[in-house]
Amino acid sequence: GFKNVNDVLGHEAGDAVLKEVADRLCAVVRLGDTVARLGGDEFAILVEESGRVHEEAEAIADRTLQALAAPIALGDREVKLSASVGIAYGDFIATASSLLRDADVAMYQAKTTGKARWVVFESTMRAHAVERLRLESYMVHMIDGEQLSLVYQPVVELQTNRIVGFEALVRWEHPVLGTIPPDQFIPIAENNGMIVAIGEWVLLTACRTAAIWRDRHSAPLTMAVNLSARQLAAPELLDHVQNALRAAGLDPQDLVLEMTETALVQDPALAATKLHHLRAL
């Protein structure tokens, strides 16, 4: 949630958060351990060898998650952050670079499997990381290469068996890899920020389809589109929604925006403001 702090409260507030995080990390390690900031919002802890290195590292990871779970005071506001932790153990062939790489791979695994948790590196994760990088490189052309499409799940009123709306679900058809399931590319897009551009395309395409079907069938139909936490936090979300409605000629009340509760709890104040603005449309 650190990016939201910088985007909404400014970099001065972001710096204050980083200092507080550093203080909390220093408070949970042992005397001989090392805490460092690698850059951005990434920190590393070097756990010096001991007789129980696995237990020590996991105990420090637990204390880290607990320490960062407490809200951080910023003037008259509080922000609630969480951390994802990757653990890598050194052996006789490990180097500084391989340790950092393996810890980073494990950290990404922690992010994609729920966040606010720690994961120990396993060799199978490296193959997944290579595949993730390959998909990420292909994603650059998914929109301008017209590789995205939508499928529509009907919403049926059970009393009358009548279709009253649809939910738009995005699909990626790669010219070489074929169909790539959403559970593979959506988490990557969330992590690298491409979900905002994908979401803009989904909004526009779904609204246009809804307008065509409404005119063709002369019936009120709602179109539901999923919003991610990253989209909700994006400053351009309101513009994307307004532009999609205007370009499609769709009545605003016919668009339904769906989001999970996790999108709301990362920054409740920001989420509330965005939801009020969206409802006003």
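Everything here concerns the structure above.
Bear in mind the structure is a predicted one, so any value in this text is a computation, not a measurement.

S.K.: Any details on the pattern of salt bridges? Residues and values, ideally.
M.R.: According to the stated counting rule, one finds 7 salt bridges in the structure shown. Where salt bridges share partners, they join Arg-30, Asp-33 and Glu-56 into one cluster.

S.K.: Which residues make up the nonpolar core, and what are the values?
M.R.: As a rule of thumb, nonpolar side chains are buried together in soluble globular proteins. Met-139, Met-142, Trp-172, Val-225, Leu-250 and Leu-255 are the most contacted members of the largest nonpolar core, which totals 39 residues. It is helix H7 (residues 195-217) that provides the largest number of residues to this core, a total of 9 residues. The contacts of Leu-255, once residues within four sequence positions are left out, are Leu-203, Cys-207, Met-223, Val-225, Val-241, Leu-245 and Leu-250. Grouped together as the second largest cluster of nonpolar side chains are 23 residues, Val-5, Val-17, Leu-25 and Ala-57 included.

S.K.: Before we move on, could you go through the packing of helix H1 (residues 2-9) against helix H2 (residues 11-28) and cite the residues and values that matter?
M.R.: Where H1 meets H2, the axes come as close as 7 Å, and the angle between the chain directions of the two elements is 145°. Across from Phe-2, Val-5, Asn-6 and Leu-9 in H1, the residues of H2 making contact are His-11, Ala-13, Gly-14, Val-17 and Leu-18. Of the residues contributing to the contact of H1 with H2, the split by class is 6 nonpolar, 3 polar and no charged.

S.K.: Please provide a residue-by-residue account of the pairing of strand S8 (residues 162-174), values included.
M.R.: The sheet contact formed by strand S7 (residues 148-157) and S8 spans 10 bridges and is antiparallel. Residue pairing across strands places Pro-154 opposite Phe-166, the latter belonging to S8. Hairpin geometry of S7 and S8 is characterised by an intervening segment of 4 residues between the two adjacent antiparallel strands and by a positive phi of about 60° at Asn-161. A loop of 3 residues connects S8 with strand S9 (residues 178-180), the two strands running antiparallel in sequence.

S.K.: For the packing of helix H4 (residues 96-112) against helix H5 (residues 124-139), give the residues involved together with the corresponding values.
M.R.: In the contact formed by H4 and H5, the axes pass within 10 Å of each other and the chain directions differ by 75°. In terms of axis orientation, H4 runs roughly perpendicular to H5. Touching Arg-101, Asp-102, Val-105, Ala-106, Tyr-108 and Gln-109 of H4 are Met-125, Arg-126, Ala-129 and Arg-132, all from H5.

S.K.: Got a sec to walk through the side chain of Gln-147? Specific residues and values, please.
M.R.: In this fold, Gln-147 is placed in the loop between H5 and S7. Polar side-chain contacts of Gln-147 include one of 2.8 Å to the side chain of Trp-172. Once residues within four sequence positions are removed from consideration, Gln-147 is found in contact with His-141, Met-142, Arg-171, Trp-172, Glu-173, His-174 and Pro-175.

S.K.: Which residues make up the side chain of Arg-132, and what are the values?
M.R.: Tracing the sequence through the fold places Arg-132 in helix H5. Of the side chains with opposite charge, Glu-136 comes closest to the buried, unpaired Arg-132, at an N-O distance of 5.0 Å. Excluding its chain neighbours within four sequence positions, the residues that come into contact with Arg-132 are Tyr-108 and Ile-188.

S.K.: Before we move on, can you summarise a nonpolar patch on the surface with the specific residues and values?
M.R.: A contiguous nonpolar surface patch, about 290 Å² in accessible area, is contributed by Val-156, Leu-158 and Ile-163. Within the fold, Leu-158 resides in the loop between S7 and S8.

S.K.: Please set out H1 residue by residue, giving values where relevant.
M.R.: Residues Phe-2, Asn-4, Val-5 and Asn-6 constitute the buried set of H1. Gly-10 occupies a position one or two residues after H1 and carries a positive phi of about 100°.

S.K.: Explain the environment of Val-170 to me, and be specific about the residues and the numbers.
M.R.: The residue Val-170 is located in strand S8 in this model. Along the sequence, Val-170 and Ser-149 sit 21 residues apart, while their C-alpha atoms lie 5.9 Å from each other.

Calculation notes
- Residues numbered from 1 in each chain as written.
- Predicted model: local features only at pLDDT ≥ 70, side-chain atom pairs only at ≥ 80, totals over all residues.
- Heavy atoms only, no water.
- Salt bridge = Lys/Arg side-chain N within 4 Å of Asp/Glu carboxyl O.
- Core = buried A, V, L, I, M, F, W, Y, C linked by side-chain atoms within 4.5 Å.
- Buried < 20%, exposed > 50% of the residue type's maximum accessible area, 1.4 Å probe, protein only.
- Helix = DSSP H or I, 4+ residues; strand = E, 2+ residues; numbered from the N terminus.
- Contact = heavy atoms within 4.5 Å.
- Axes fitted to C-alpha atoms, helices over the stretch in contact; angles between N-to-C directions.
- Nonpolar A, V, L, I, M, F, W, Y, C, P; charged D, E, K, R; others polar.
- Pairing = 2+ DSSP bridges.
- Parallel < 35°, antiparallel > 145°, perpendicular 65-115°, else oblique.
- Polar contact = N/O pair within 3.5 Å; in protein donor to acceptor, adjacent residues only side chain to side chain.
- Lys, Arg positive; Asp, Glu negative; His and termini not counted.
- Patch = residues over 30% accessible without salt bridge, like charges linked within 9 Å, V, L, I, M, F, W, Y side chains within 5 Å.
- Areas by Shrake-Rupley, 256 points an atom, 1.4 Å probe, with all protein chains shown as cover.

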